[in-house]
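# Chains, contacts and geometry: an overview
Now for the letters of each chain:
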Amino acid sequence: LAATGVDDKTEVREYFNTEGFNRWNKIYSDSDEVNSVQLDIRTGHDQTIQKILNWVQDDGDISGKSVCDCGCGVGSLAIPLAQMGAKISASDISDSMANEAARRAKEMGLEAKFYTSDLESVSGKYDTVTCVDVAIHYPTDKMAEMVGHLCSLAEDRVIISFAPKTWYYSFLKKVGELFPGPSKTTRAYLHEEEVVRNALKKAGFEVAREEMTGTNFYFSRLLEAKRV
Ligand code: SAM
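Residues numbered from 1 in each chain as written. Predicted model: local features only at pLDDT ≥ 70, side-chain atom pairs only at ≥ 80, totals over all residues. Heavy atoms only, no water.

What follows is about the overall build of the protein chain. Tallying secondary structure elements over the protein chain gives eight helices and seven strands in all. Against the globule reference of 17 Å for 228 residues, the protein chain gives a C-alpha radius of gyration of 17 Å, in line with a compact fold. Each of the 228 residues in the protein chain was classed as buried or not, and the buried ones make up 48%. The contacts in the protein chain between residues at least 6 apart in sequence include a share of 69% that link residues at least 24 apart. A total accessible area of about 11500 Å² is found for the protein chain, and carbon and sulfur atoms account for 52% of it. One finds the centroid of the 27 positive side-chain charges in the protein chain at a distance of 2 Å from the centroid of its 35 negative side-chain charges. (Helix = DSSP H or I, 4+ residues; strand = E, 2+ residues; numbered from the N terminus. Rg over C-alpha atoms; globule rule 2.2 N^0.38 Å. Buried < 20%, exposed > 50% of the residue type's maximum accessible area, 1.4 Å probe, protein only. Contact = heavy atoms within 4.5 Å. Areas by Shrake-Rupley, 256 points an atom, 1.4 Å probe, with all protein chains shown as cover. Lys, Arg positive; Asp, Glu negative; His and termini not counted. Charge placed at Lys NZ, Arg CZ, Asp CG, Glu CD.)

Take the site of the ligand next. Close to the ligand lie 21 residues; His45, Gly71, Asp92, Leu119 and Val132 are nearest. Separating an oxygen atom of the ligand from a side-chain N or O atom of serine 76 is a distance of 3.5 Å. One of the backbone nitrogen or oxygen atoms of valine 132 is found 2.8 Å away from a nitrogen atom of the ligand. Protein burial of the ligand: of its 600 Å² of free accessible surface, 98% is covered by the chains. (Near = heavy atom within 4 Å. Polar contact = N/O pair within 3.5 Å; in protein donor to acceptor, adjacent residues only side chain to side chain.)

Next up on the list: the pattern of salt bridges. Two side chains with opposite charge may pair up if their charged atoms get near one another. What the rule picks out here adds up to 17 salt bridges. Residue glutamate 100 pairs with arginine 103 through a salt bridge whose shortest N-O separation is 3.0 Å. Of the two residues, glutamate 100 and arginine 103 are both situated in helix H5 (residues 95-107); the distance of three residues between them amounts to about one turn of the helix. Glutamate 100 sits in the buried class, given a relative accessible area of 10%. (Salt bridge = Lys/Arg side-chain N within 4 Å of Asp/Glu carboxyl O.)

Those residues of helix H1 (residues 8-17) that fall on the buried side of the exposure criterion are Asp8, Glu11, Val12, Tyr15 and Phe16. In a view along the axis of H1, the buried residues occupy a sector of 120 degrees, so they form one face of it. Of the residues flanking the start of H1, the one acting as N-cap is aspartate 7, its side-chain oxygen 3.2 Å from the backbone nitrogen of lysine 9. (Arc of directions from axis to C-beta.)

Approximately 390 Å³ is the volume found for the second largest pocket. At the level of elements, helix H3 (36-58), helix H4 (78-83) and H5 are the ones that each hand at least two residues to the lining of the second largest pocket. Here the residues of the lining of the second largest pocket are counted per class, giving eight nonpolar, six polar and six charged. (1 Å grid on protein atoms, 1.4 Å probe; cavity = no way out; pocket = protein on both sides within 12 Å on 5 of 7 lines; lining within 4 Å. Points joined across faces, edges and corners; volume = space filled by probe spheres on them. Nonpolar A, V, L, I, M, F, W, Y, C, P; charged D, E, K, R; others polar.)

With that settled, consider the confidence of the model for the protein chain. In regions of low pLDDT, the predicted coordinates are not meant to be interpreted in detail. Across the protein chain, the average pLDDT comes to 93, with 95% of residues at or above 70. Across the interface, the model reports ipTM at 0.99; the global pTM reads 0.95. (pLDDT = per-residue confidence, 0-100.)

Let's shift gears to the packing of aromatic side chains. Overall, the coordinates contain two aromatic pairs when judged by the stated rule. Here the aromatic rings of tyrosine 15 and phenylalanine 16 are separated by 4.9 Å at their centres, their planes lie at 75 degrees, and the arrangement is edge-to-face. Both residues of the pair, tyrosine 15 and phenylalanine 16, count as buried. Ring geometry for tryptophan 24 versus tyrosine 28: centroids 5.3 Å apart, planes at 45 degrees, classification tilted. The exposure class of tyrosine 28 is buried, given its relative accessible area of 17%. (Phe/Tyr/Trp six-rings, centres within 6.5 Å; stacked < 30°, edge-to-face > 60°.)

Next up on the list: the pairing of strand E5 (residues 154-162). Within E5, seven of the nine residues are buried, leaving the element largely enclosed by the surrounding structure. As paired elements, strand E4 (residues 126-131) and E5 share five bridges and run parallel to each other. Paired with threonine 128 across the two strands is arginine 157, which belongs to E5. Relative to strand E7 (residues 219-227), E5 runs antiparallel, the two being bridged by six bridges. (Pairing = 2+ DSSP bridges.)

With that settled, the discussion passes to the environment of glutamate 100. Taking the C-alpha atoms as reference, glutamate 100 lies 9.4 Å from phenylalanine 21; in sequence the two are 79 residues apart. Setting aside residues no more than four positions away along its own chain, glutamate 100 makes contact with Phe21, Asn25 and Val74. A polar contact of 3.0 Å, which involves the side chain of glutamate 100, links it to the side chain of arginine 103.

On to the pairing of strand E6 (residues 205-214). Where E6 lies against E7, nine bridges are found, and the strand directions are antiparallel. Within the sheet, the bridge partner assigned to arginine 209 lies in E7 and is glutamate 224. With antiparallel pairing between neighbouring strands as the criterion, E6 and E7 make up a hairpin whose turn holds four residues.

Pasting the structure below:
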């Protein structure tokens, strides 16, 4: 529990249902109501998504394969995967996010399931489980468990991204905290790559491909792990 008595999850849910939704829905769109920092984050995030889509494309046909996207946001990854024919089951802890994703998919005439759920409550078995830029909301001590849960849902592979805890990014985060800017945000957690890799290994997964995306204000380490 934080000093406020509000736990991380409750805070994250509230944020992404209100101010966070407005902020991120703009970043994750082509709206021009974004400032230069938000534009930089949009660019970085687009690159992460494109790298995943390239992997999927390189593998051949994903049509008919099931994909579970945890913390799907407005569907930035799930929607293009649905367009490629994947069977999408995507969820987000925020109602506003999940509803917006469903709205966007419907508008494009796509069939995909979007629903509101905390990552820990997602169940079932899927060929691929994805979790992009969600781990930043997970405290360090919850990270390994979260990775374990994603693996338990995955028949074949897990694709996960997180902000890596290196001295440089820890330093940037500190600087950012000194200048918090006007908008309310949530706590952000960087993660040691070793912790993520060990959790994948423990669950019987092996890292197959990796990427790193960094712009001025966005950084994301991307791992694809396959069941051994
Ligand atoms: N994955 C999406 C993407 O890359 O476009 C959204 C990334 S956004 C930075 C983080 C998302 O994670 C938010 O939509 C937030 O509501 C969701 N989230 C945070 N904690 C979560 C949890 N415990 N379970 C499910 N979703 C969560």
